[in-house]
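# Observations on chain architecture
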Amino acid sequence: MDQIFELLSITLGAILANNFIFSQFLGCCPFLGVSKKVDTAVGMGIAVTFVMGLASAVCSVVDEFVLGRFGLDYMQTVAFILVIAALVQFIEMFLQKSMPSLYTALGIYLPLITTNCAVLGVVLLNVQNNYNFIESVVYGVTGGLGFLLAIVLFASIRERLVFADYPKAFEGFPIALVTAGLMALAFMGFSGLKVW
């Protein structure tokens, strides 16, 4: 029963209270760059969620059975970057062969996931928080879902900002930053969330 509460706490924390975008400020580049339309934001969010979950699983195994066993803990960051880059490359090749329409739709977003600091951040936080395999995967997937929630909400607001009336000096990127800041303040309300 305690494991279920722990997983629920990790889930709510990753999606709401410790959202990678609004609380930890990880993954802001794709958040700001790919959030002009909701459909591209959804595609990017789903791809990031998948890669975060898969990277959390693989890096947890690599950390426990390779780095920890041979005393190579100091190589964690380098090893995790290599694992993430390899995973994204394999996913890209798999999609290109088996689902060419999805591969074409995602386009440049797949290689961008390799450089998304939220993906590296989730695997490093798994190690820092001493999460076991299941907790790591849950944190990776729900962290990705939090990223998906943030980017879709932001994209829907940005689509409506086209019709908003604001000063000329705020046109384009400045109003996007103001909007992101206000959304981060709104998500701060979840920081006092108590699960039980």
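Residues numbered from 1 in each chain as written. Predicted model: local features only at pLDDT ≥ 70, side-chain atom pairs only at ≥ 80, totals over all residues. Heavy atoms only, no water.

### A word on the packing of aromatic side chains
With the rule as written, the count across this model stands at six aromatic pairs. Measuring from centroid to centroid gives 5.7 Å for Phe22 and Phe31, while their planes differ by 90°, and the two rings are edge-to-face. Since its relative accessible area comes to 4%, Phe22 is described here as buried. Judged by centre distance (4.5 Å) and plane angle (25°), the ring pair of Phe31 and Phe154 falls under stacked. Of this pair, Phe31 sits in helix 2 (residues 28-33) while Phe154 sits in helix 8 (residues 133-161), and the two are 123 residues apart along the sequence. Note on accessibility: Phe31 and Phe154 belong to one class, buried. (Phe/Tyr/Trp six-rings, centres within 6.5 Å; stacked < 30°, edge-to-face > 60°. Buried < 20%, exposed > 50% of the residue type's maximum accessible area, 1.4 Å probe, protein only. Helix = DSSP H or I, 4+ residues; strand = E, 2+ residues; numbered from the N terminus.)

### So, unusual backbone geometry
Residues other than glycine seldom take positive phi values, yet Phe25 does so here, at roughly 55°. Of note, Phe25 is situated in the loop between helix 1 (2-17) and helix 2. Phi at Asn130 takes a positive value of approximately 55°, unusual for a residue other than glycine. Inspection of the secondary structure puts Asn130 in the loop between helix 7 (117-128) and helix 8. Look at Asn130 and you get exposed, because its relative accessible area is 67%.

### A few points about helix 1
Regarding helix 1, the residues found buried are Leu7, Ile10, Gly13, Ala14, Leu16 and Ala17. Its buried side turned inward, helix 1 meets helix 8 and helix 9 (173-187). (Contact = heavy atoms within 4.5 Å.)

### Some words on the environment of Leu95
Among the secondary structure elements, Leu95 is positioned in helix 4 (residues 76-98). When its relative accessible area of 8% is taken as the criterion, Leu95 is described as buried. Separated by 46 residues in sequence, Leu95 and Thr49 place their C-alpha atoms 16 Å apart. Leave out the neighbours within four places in its chain, and Leu95 touches Pro100, Leu102, Tyr103, Leu106 and Leu110.

### Notes on the nonpolar core
Ranked by size, the top nonpolar core spans 50 residues in total, and within it Phe20, Phe22, Phe31, Met44, Ile113, Val123 and Tyr139 carry the most contacts. When contributions to this core are tallied by element, the ones reaching two or more residues are helix 1, helix 2, helix 3 (38-67), helix 4, helix 6 (109-114), helix 7, helix 8 and helix 9. Examining the composition of this core, we find that 10 residues originate from one element, helix 3, more than from any other. Look past the residues within four positions of Met44 in its chain and what remains in contact with it is Pro30, Val34, Tyr109, Leu112, Ile113, Phe147 and Ile151. (Core = buried A, V, L, I, M, F, W, Y, C linked by side-chain atoms within 4.5 Å.)

### Some thoughts on helix 9
Between its first and last C-alpha atoms helix 9 spans 21 Å; for 15 residues at 1.5 Å apiece the expected length is 21 Å, and the two agree. Considered for burial, the residues of helix 9 that qualify are Ile175, Ala176, Thr179, Ala180, Met183, Ala184 and Phe187. Lining the buried residues of helix 9 we find helix 1, helix 2 and helix 8. (Expected span 1.5 Å × (residues − 1).)

### Quick word on the confidence of the model for the chain
A residue-level look at the chain finds 97% of positions with pLDDT of 70 or above and a mean pLDDT of 88. Here helix 5 (residues 100-106) is the element of the chain with the lowest mean pLDDT, 75, and helix 8 is the one with the highest, 95. (pLDDT = per-residue confidence, 0-100.)

### Comments concerning the side chain of Thr179
Along the chain, Thr179 turns up in helix 9. Apart from the residues within four sequence positions on either side, Thr179 is in contact with Phe154, Ile157 and Leu161.

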